[in-house]
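Summary of structural features
Letter by letter, the chains look like this.
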Amino acid sequence: MNPTTTTRRGFVTATAALGLSLKYGCSSETPEQRPAQIYRGWEDLMRNKWTWDRVVRGSRGINCTGHCAFNLYVRNGIVWREEQQGEYGASGDDVPDYGPRGCQKGLRQAKQMYGKQRVLYPMKRVGERAEGQWQRISWDQALTEIADKFIDYAVTDGPTSISYAMGTAMILKRAVFGGLFRFGNITGCEIPETFAGVGDLPVGAFMTLGHPLPGDNMAAVYKSKCCLVWVCNPAATRIPDAHFFWEARYNGTDVVVISPDFNPSAMHASKWVNLKPGTDAALAMAMVQTIIADGTIDWEYVREQTDLPFLVRLDNQKFLRASDLDDAGQEDGFYFWDADKQAPVLAPGTGFKPAFGPAAEEPKESLLLGDFEPALEGQWTVASKDGDVAVTTVYELVKQNAQNYTPENVAEITGVNPSVTRNIARSFAGSGAGMIFAGYRVNKWLHGDLILRAWLLMCALTGDTGRAGGGVQTTNLPRADGLNKYAFDGLGPRLRVAALAVWDYAKSDNQQLNAAIYGDEIADHIDSHYREAIERRWMPDYSKKPWNMAIMAGHNPVSWRASGERWRETALSKVKTLVAITPDMSATAMHSDYVLPAAHHYEIQDMTMEGRTPYVHVLNAAVEPLGDSKPDWFIQKELLEKISQLAVERSIGPIQDSMFGQPIERDYTQAGELFTLNGKFKEPRDVVEFLF
Ligand code: SF4
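Calculation criteria
- Residues numbered from 1 in each chain as written.
- Predicted model: local features only at pLDDT ≥ 70, side-chain atom pairs only at ≥ 80, totals over all residues.
- Heavy atoms only, no water.
- Pairing = 2+ DSSP bridges.
- Helix = DSSP H or I, 4+ residues; strand = E, 2+ residues; numbered from the N terminus.
- Axes fitted to C-alpha atoms, helices over the stretch in contact; angles between N-to-C directions.
- Contact = heavy atoms within 4.5 Å.
- Phe/Tyr/Trp six-rings, centres within 6.5 Å; stacked < 30°, edge-to-face > 60°.
- Lys NZ or Arg CZ within 6 Å of the ring centre and 35° of its normal.
- UniProt positions renumbered as here; feature names shortened; annotations may be inferred.

1. Quick notes on the sheet that holds strand β9 (residues 254–258)
The strand order across the open sheet built from five strands is β10-β9-β8-β16-β17, with neighbouring strands paired in parallel fashion. Each having just a single partner strand, β10 (271–273) and β17 (471–473) make up the two edges of the open sheet. On average, adjacent strands in this sheet sit at an angle of 20° to one another, irrespective of strand direction. The pairing of β9 with β10 spans three bridges and is classified as parallel. The partner of V257 across the bridge, within β10, is W272. Relative to the sheet, helix α18 (residues 418–430) contacts β8 (226–230), β9, β10 and β16 (434–438), its axis offset from that of β8 by approximately 125°.

Written out as structure tokens, the structure reads:
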């Protein structure tokens, strides 16, 4: 074809874009209706190429914390170009702004949307699972068959025999995420959480802080004076936020990348420490030893804000508790040593039961010590109810333990020269704002908790936890109060979120898997803790109910479950009905019985929020959903409406259930109306407005 002689219509007709527009287009003016245009030369071709019908603001509905705004250029009903936007402001006068944002992956989203892997129609499996034999069916047939089975399973084995997983591609989209919670609140099905599922749960932070998500917003990096970039590579994996690290260097920050490989972040750092793989905890403990040996400790912070002054019994290495001294004493009452009185005194903020529910307006207890200085070093004798016991402090034990981790001892493990270890520890402790910026990867490692605990110990000694520009930074969550109001409105909280690690342990053969990998001793040890947690009712016993139906949305567990094929064979293959709600023909969809096509995030109305960037983004529907695909929220709504219709036709009475030991009833005949609050919510946009 010669583009200098063909008409515009003739040229465009020959393009793949037109093929798509004829098939999926939503523009009111088709190319055939437009006036023919003669191309005079290559310049006109270029000019015509850079035209569009409209520009729509969009962002990402995937599991990316980048959270970048894009302009979407729509022509002939096709998103043909994406352009990152740079209007981001700063979160304070003392930090740079959040722009520019975007990455190479973001600029490929439209390609993904029009890829061959898109699911365009509801499909039902006709061959064996994963064989790839499908029958195209209507939405009505798909929803009727799934709703029928949903009711069957809820009636025979209870709603907890059904799971509807929250995928990571769903949780950032607030309307559909809220819709999932409302769906679960109405039906009583289990919603396996997603954090532990992908190995992102910071277990070490939970153990140390009682909270899994230490983290400020990304601009806090700029306020750091010594930032250890550890077990992460932001130049490659946090592309729109990486500029904060390099801008911080111009602000005088010592940016130290600690990683075995000379990665893209190391290239831009002040220093690169190439420790041996898997030796991070040892290096962190050598820094702890240096900080203690140098005495560069924030003593006031340590005494007031940490448990380092708490007394520990030397006979059993456990905290001295009020219940050790007196039968009437609280189990969570802990002690300091008062050097003046030569006696233990109850530590403030311990030894009382906090009231359940929202925080009181005025805190009942304070950690403030006033003039009192609890002892940190020493050994004493305390009269317990069972006789005298020797006690010391947590700090004393930490100090003794750290002596095993001198930089010289640890150099054999890490391969890091002792002078390098000391220099970095001294830069960190002397900076006044020491930060350890850590990726999620540490949480995926066996014993990753030890690394997190060593980092948090560094920050506890230097007083950096909670300080602007300091502390361990992993992630943060956006506010969710509107989300809960939407999920619970008119019903109250009747929602089940299942702990995924415990769920998988109950449903698959994790004990045998542990034995095969780690040996019987560790497998039995883990199993005994699991059994104790079940017997003491710290965790629900998911093994009591069969797993009849799994609705899998916004994720691809067949691909990412760590135990892979074994999980499929020992757990998923036993589930009677598998439903994938997905835009793409994923591995999970391949193993499912029904595949329901979900719309792409350029085809829906929603908004995204993320804890590390201080703004919300709208998702505007730039184009109509491809094929018969629908936004997830409408799939939730229509499935519940079908459940209601069938429950009425089948005269299904209230489903008997119980929450927190109390019997409750779930009326499936009202499920559809409950979801929309009697028609108040007609589309995801209504939910977005409610959340605002
Ligand atoms: S970093 Fe931004 S552009 Fe890249 S995938 Fe994430 S949200 Fe999209």
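2. Quick word on the packing of aromatic side chains
Any pair of aromatic rings gets described here by the distance separating the centres and the angle formed by the planes. Under the counting rule described, the total for this entry stands at 29 aromatic pairs. Arranged with centres 5.2 Å apart and planes meeting at 85°, the rings of W503 and W547 form a pair that is edge-to-face. Of this pair, W503 sits in helix α21 (residues 500–507) while W547 sits in the loop between α23 (520–535) and β19 (549–553); the two residues are 44 residues apart in sequence, bridging distant segments of the chain. Of the aromatic side chains, those joined through ring pairs into one cluster are F310, F319, F334, F336 and F372. A cation over a ring is seen here: R60 above F70, with NZ or CZ 4.1 Å from the ring centre.

3. Comments concerning the UniProt feature "domain: 4Fe-4S Mo/W bis-MGD-type" (unreviewed entry) in the protein chain
In the numbering used here, UniProt assigns the feature "domain: 4Fe-4S Mo/W bis-MGD-type" (unreviewed entry) to residues 53–117. From the first C-alpha to the last, residues 53–117 spans 27 Å; its make-up is 8% helix and 28% strand.

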